[in-house]
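Topology and contacts: notes
Here's the letter readout for the chains.
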Amino acid sequence: MAGQLYLCATPIGNLEDMTFRVIRILKEVDLIAAEDTRNSMKLMNHFEIKTKMTSYHEYNKVDKARYLVDKMQQGMNIALITDAGTPGISDPGEELVRQCHEAGITVTSLPGACAAITALTISGQSTRRFAFEAFLPADKKERKKILSSLENETRTIILYEAPHRLLKTLGELYEVLGNRKLTICKELTKKHEKAFLTTIEEAKAFYETEEPRGEYVLLIEGKSFKELEKESQEEFAKYTIQEHMEQYLAGGMDKKQAMKQVAKDRGISKRDVYQALLED
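Throughout what follows, the structure given in this document is the object of discussion. (Residues numbered from 1 in each chain as written. Predicted model: local features only at pLDDT ≥ 70, side-chain atom pairs only at ≥ 80, totals over all residues. Heavy atoms only, no water.)

**Considering the sheet that holds strand β1 (residues 4-8)**
For clarity, the cut-off: Paired strands, as defined in this entry, are two strands with at least two bridges between them according to DSSP. Only DSSP runs of H or I with at least four residues qualify as helices, and only runs of E with at least two residues qualify as strands; both kinds are numbered from the N terminus onward. Axis lines are fitted through C-alpha atoms, for helices just across the contact stretch, and the angle between N-to-C directions can take any value from 0 to 180 degrees. Note on contacts: a residue pair is in contact if any heavy atoms of the two residues lie within 4.5 Å.
The 5 strands are arranged β3-β2-β4-β1-β5 in an open sheet whose pairing can be described as parallel. Looking at strand neighbours, the two that pair on one side only are β3 (53-55) and β5 (106-110), the edges of this open sheet. Strand-to-strand twist across the sheet, computed as the mean angle between neighbouring axes with direction ignored, equals 25°. Bridge count for strand β2 (residues 31-34) against strand β4 (residues 78-81) is 4 bridges, and the pairing is parallel. Directly across from Ala34, in β4, lies its bridge partner Ile81. Where helix α1 (residues 20-28) meets the sheet, it contacts β1, β2, β4 and β5, and its direction lies at approximately 140° from that of β5. Each of β2, β3 and β4 touches helix α2 (residues 37-46); the most contacted strand, β3, lies at about 155° to it.

**Digging into the packing of aromatic side chains**
Here is the rule: Ring pairs are drawn from Phe, Tyr and Trp, using the six-membered ring of Trp, whenever the two centres fall within 6.5 Å, and their geometry is named by plane angle: stacked under 30 degrees, edge-to-face over 60, tilted for the rest. The buried label goes to any residue with under 20% of its type's maximum accessible area, the exposed label to any with over 50%, and the partly exposed label to all in between, with areas taken from a 1.4 Å probe on protein chains only.
Scanning the entire structure with this criterion turns up 4 aromatic pairs. When the centroid spacing of 4.9 Å and the interplanar angle of 85° are considered together, the rings of Phe206 and Tyr207 count as edge-to-face. A residue is classified by how much of its surface remains accessible, and Tyr207, at 6% relative accessible area, is buried. Between Tyr207 and Tyr216, the aromatic rings sit 5.8 Å apart at their centres with planes inclined by 85°, giving edge-to-face as the arrangement. Each member of the pair Tyr207 and Tyr216 is classed as buried. Put simply, the rings of Phe132, Phe135 and Tyr160 touch in pairs and so form one group of aromatic residues.

**Quick notes on the pairing of β2**
We apply this condition: With the strands aimed away from the viewer, a crossover counts as right-handed if its path from the first strand over the helix to the second runs clockwise.
Burial along β2 is two-sided: Leu31 and Ala33 facing one way and Ile32 and Ala34 facing the other are all buried. Direction of pairing for β2 relative to β3: parallel, over a ladder of 3 bridges. Bridge assignment links Ala34 to a residue of β3, and that residue is Ser55. Traced from β2 through α2 to β3, the parallel crossover comes out right-handed.

**Thoughts on helix α3 (residues 61-73)**
Short version of the rule: In this scheme, a helix's expected span is set at 1.5 Å multiplied by one less than its residue total. Taking the helix axis as origin, the arc is that swept by the directions to the C-beta atoms.
Taking 1.5 Å of rise per residue, the 13 residues of α3 would be expected to cover 18 Å, and the 18 Å separating its terminal C-alpha atoms lies within 8% of that figure. Every buried residue of α3 is accounted for by Lys64, Ala65, Leu68, Val69 and Met72. Buried residues along α3 cover an arc of 140° about the axis, so they all sit on one side. Packing partners of the buried residues in α3 comprise β1, β2, β3, β4 and α4 (93-103).

**Quick word on the environment of Ala119**
Looking at the element boundaries, Ala119 is found in helix α5 (residues 115-121). The class of Ala119 is buried, set by a relative accessible area of 0%. Between the C-alpha atoms of Ala119 and Ile146, which are 27 residues apart in sequence, the distance is 21 Å.

**A short note on the nonpolar core**
The condition that has to hold: Side-chain atoms within 4.5 Å link the members of a nonpolar core, which is a set of buried Ala, Val, Leu, Ile, Met, Phe, Trp, Tyr and Cys residues.
In terms of nonpolar packing, the biggest core is built from 18 residues, with Cys8, Leu26, Ile32 and Met44 touching the most fellow members. Of all the elements in the fold, those that place two or more residues in this core are β1, α1, β2, α2 and β4. Counting residues per element, this core draws most heavily on α1, at 4 residues.

**Quick word on the state of the cysteines**
Rules: In this description, a disulfide is simply a cysteine sulfur pair whose atoms lie within 2.5 Å.
One pass over the structure, following the stated rule, counts 0 disulfides. No disulfide involves Cys114; its sulfur sits 12 Å from the nearest other cysteine sulfur, which is in Cys185.

What follows is the structure in structure tokens.
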């Protein structure tokens, strides 16, 4: 009988956030795959977990995943832990999960700490809809594409950032997104936890004189639908109503449909469109 994979969330700062279930599973499984065994050893020692560990990280994730899947097919139960938080979120865990599904191995997740959700709930920003981007890519071209794709994002945007790249990232966000509301979270779940609501411009000015320390979660206000609608109308206003009509007529619309669409695009009434065409 095949074993299974347990995704075990570990604390992101406060050890009291370790769940009873995770402690039990880590003691019961045959093997623990850890992103950094030296870092995880502190956690194991604190909770008196003696289970054997093996390394599973970004640089061995494909081959090591095959090895771990093979062990589970032989009946071994394996737990996966990351340095902090929930495995599979912005870490190599997703590769192991994918291979488990392909091999028919059961995967279960033991809920616990997650920096993105923890930060979102205390951010003071909209929590109903959000877009999680984790760390922006290091590659310049890919990074530019991701930032451009966020320009008209209407959901709250969640990013992770390291202290040495924070100021550069704030500059890029200001350049692409403009001066949006921004919540900066750091030291989550720890004694000196901070979450302050500011703007991208103000944060950029602050960190030009204050050295960033610790890992950051950035939560950026999404663009409103009204703002998107206004921008669209301004773009259409560059054309005369006659030119606007011609675009739709050339695409095969009949005159009535075209007038209706032009009115909708420009935020005006069909009567206004009709009157403008008469005058033209």
